[in-house]
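# Commentary on secondary and tertiary structure
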Amino acid sequence: ASYQRIAHVEPQVSAFLHLYEEDARAQAAVLDKQLKNGGDRGLLFGLPAGIKDNMTAVGTLTTCASKFLANYQSIYDSTAVSKLKNAQAVLVGKTNMDEFAMGGSNENSGFHPTYNPWNTAYVPGGSSGGSAAAVAAGEVYFSLGSDTGGSIRQPASYCGIVGLKPTYGLVSRYGLVAFASSLDQIGPLTKNVEDAAYVLQAIAGHDGQDSTSLNVEIPDYISALTGDVKGLRIAVPKEYLGAGVDPAVKESVLAALKVYESLGAVWEEVSLPHTEYAVATYYLLASSEASSNLARYDGVRYGVRAENAENLLDLYKKSRSQGFGAEVKRRIMLGTYALSSGYYDAFYLKAQKVRTLIRQDFEKVFQNYDVIIGPTAPTTAFPIGAQVDDPLTMYLNDILTIPVNLAGIPAISIPCGHSGGLPVGLQIIGKALDEATVLRAAHAFE
Ligand code: GLN
């Protein structure tokens with residue numbers, strides 16, 4: 001059914017980079033046989049899944065939507081993928097993304113754009129835009145994305161689905177191609193909150209292969225979905241409904257808060273005073289980490305090697321010039337600059353200090369509240385091409401998702417309305433490792 005649907009809608013949506021129908025059918029046949037022989041059903045038994053193309057899975061290419069890695073075959077399974085396999089999900093294909101997860105529209109893919117299933121003249125968001133569009137268009141039951149500054153939540157919001165960024169360290173990053181290692185986190189994109197709880201249950205947990213993986217007890221996320229939010233204390237940051245937020249988006253969020261009131265929750269306005277510095281802080285830190293992480297693409301060890309190089313330095317130069325797209329180069333230059341001697345203290349170190357202030361803003365609010373609610377993004381999806389030549393405007397789309405990554409805390413985006421025929425996303429942010437409350441609050445609203 002999944003491949004039939006793909007055949008039907010993929011020409012309009014272009015959510016996938018690679019499809020593996022034969023392998024998927026073989027995998028499904030094995031599951032079928034196991035069941036007939038009296039085996040148990042795994043948590044995600046037989047569910048067709050899309051995987052963002054920055055996670056490795058044996059038998060698939062992992063290109064990160066970069067020409068540099070156009071021929072890169074996964075040589076091992078990322079932990080998230082191997083956990084999905086253990087839960088008996090079926091891997092349908094690898095989804096499109098902004099190159100190396102840098103972007104918010106999928107227009108930075110080195111191969112082709114993805115189109116928003118609600119209106120194909122609009123972007124699906126990014127960088128996990130393929131993962132979001134594939135779920136929204138009914139091509140797969142769920143997908144995995146990665147979120148460094150909003151890349152699960154923002155496309156979920158633009159495509160009218162659910163996207164969860166877990167606490168930093170809850171899901172192993174082993175086998176996730178690194179963009180900004182202190183911010184990257186894998187999470188589910190699903191049709192509803194219950195599905196998100198199931199997928200998170202399957203992929204969360206300690207992994208010795210990732211030194212930043214948290215060694216904590218994993219709660220039962222599914223039984224957290226009680227429908228009860230009586231007495232839930234909601235904080236609404238005034239910075240999240242201020243200037244720059246589309247009036248229709250604001251209206252949808254305020255209407256959602258009314259629903260929470262009617263369910264017995266209480267909400268009050270609070271302040272996260274350092275929000276205005278989050279975008280600058282993020283682009284310094286994420287680009288610094290990216291410039292370091294992407295130093296490994298030298299034309300020797302991974303991916304495509306430039307031809308006719310005169311010497312080693314020339315090989316690096318030619319391979320990187322040909323392999324990387326404009327946005328990736330922009331970030332490498334910004335990051336290398338911020339890390340240079342003489343600039344390190346003024347930019348990188350300063351940004352680290354501001355990151356602490358942003359984290360403390362959240363900690364203060366969470367002393368008195370259970371969750372923070374606001375929009376996921378200031379606007380609904382924008383038309384394809386509208387922002388490609390304007391990186392700063394593009395960066396500002398992430399203003400409401402970035403602070404969460406800097407603080408390392410969990411947040412979900414769920415649909416809460418429409419404007420001009422396009423979905424609006426509601427963001428629910430929780431305390432570190434309190435995914436259960438985030439999911440419970442999100443589920444009650446549905
Ligand atoms: N849009 C943001 C960026 O371009 C976030 C990307 C992400 O979360 N991977 O950096």
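Per an unreviewed UniProt entry, the recorded name for the protein is Asp-tRNA(Asn)/Glu-tRNA(Gln) amidotransferase subunit GatA, and the organism is Paenibacillus mesotrionivorans.

Looking at the ligand, there are 15 residues lining it, with T148, G149, S151, Y282 and R331 nearest. Here a nitrogen atom of the ligand sits 3.4 Å away from a polar atom, N or O, in the side chain of S127. R331 places a side-chain nitrogen or oxygen 2.7 Å from an oxygen atom of the ligand. With the chains in place, 99% of the 290 Å² that the ligand exposes on its own is no longer accessible. More than half of the atoms belonging to the ligand lie within 2 Å of the grid points that define the largest cavity. Here the shell around the ligand is composed, by residue class, of 5 nonpolar, 7 polar and 3 charged.

So, on to the state of the cysteines. Applying the stated criterion to the full structure yields 0 disulfides. C159 takes part in no disulfide bond, and the closest cysteine sulfur, belonging to C416, lies 15 Å away.

This paragraph deals with the side chain of D184. Its location among the elements puts D184 in the loop between β5 (162-165) and β6 (186-190). We note that D184 is buried and unpaired, the nearest opposite charge coming from R173 at a distance of 4.8 Å. Engagement of the side chain of D184 in a polar contact is seen with the backbone nitrogen of F179, the distance being 3.0 Å. For D184, the residues in contact, after removing those within four places along its chain, are D147, T148, Y168, R173, L176, A178 and F179.

Bringing empty space enclosed by the protein into the picture now. Remark: the empty space left among the atoms is shown by a probe the size of a water molecule rolled over them. Counted under the stated rule, the structure contains 3 cavities of 30 Å³ or more. What the largest cavity holds in volume is close to 90 Å³. For the lining of the largest cavity, the per-class residue count stands at 5 nonpolar, 6 polar and 2 charged. When its volume is computed, the second largest cavity comes out at roughly 50 Å³. Lining the second largest cavity we find Q27, A49, I51, V81, L84, K85, A89 and L91. Looking at the lining of the second largest cavity, the elements with two or more residues in it are β2 (48-52) and α3 (79-86). With 3 residues, the single largest contributor to the lining of the second largest cavity is α3. Split by residue class, the lining of the second largest cavity holds 6 nonpolar, 1 polar and 1 charged.

Criteria and thresholds
- Residues numbered from 1 in each chain as written.
- Predicted model: local features only at pLDDT ≥ 70, side-chain atom pairs only at ≥ 80, totals over all residues.
- Heavy atoms only, no water.
- Near = heavy atom within 4 Å.
- Polar contact = N/O pair within 3.5 Å; in protein donor to acceptor, adjacent residues only side chain to side chain.
- Areas by Shrake-Rupley, 256 points an atom, 1.4 Å probe, with all protein chains shown as cover.
- 1 Å grid on protein atoms, 1.4 Å probe; cavity = no way out; pocket = protein on both sides within 12 Å on 5 of 7 lines; lining within 4 Å.
- Sits in = over half its atoms within 2 Å of the grid points.
- Nonpolar A, V, L, I, M, F, W, Y, C, P; charged D, E, K, R; others polar.
- Disulfide = S-S within 2.5 Å.
- Helix = DSSP H or I, 4+ residues; strand = E, 2+ residues; numbered from the N terminus.
- Buried < 20%, exposed > 50% of the residue type's maximum accessible area, 1.4 Å probe, protein only.
- Lys, Arg positive; Asp, Glu negative; His and termini not counted.
- Salt bridge = Lys/Arg side-chain N within 4 Å of Asp/Glu carboxyl O.
- Contact = heavy atoms within 4.5 Å.
- Points joined across faces, edges and corners; volume = space filled by probe spheres on them.

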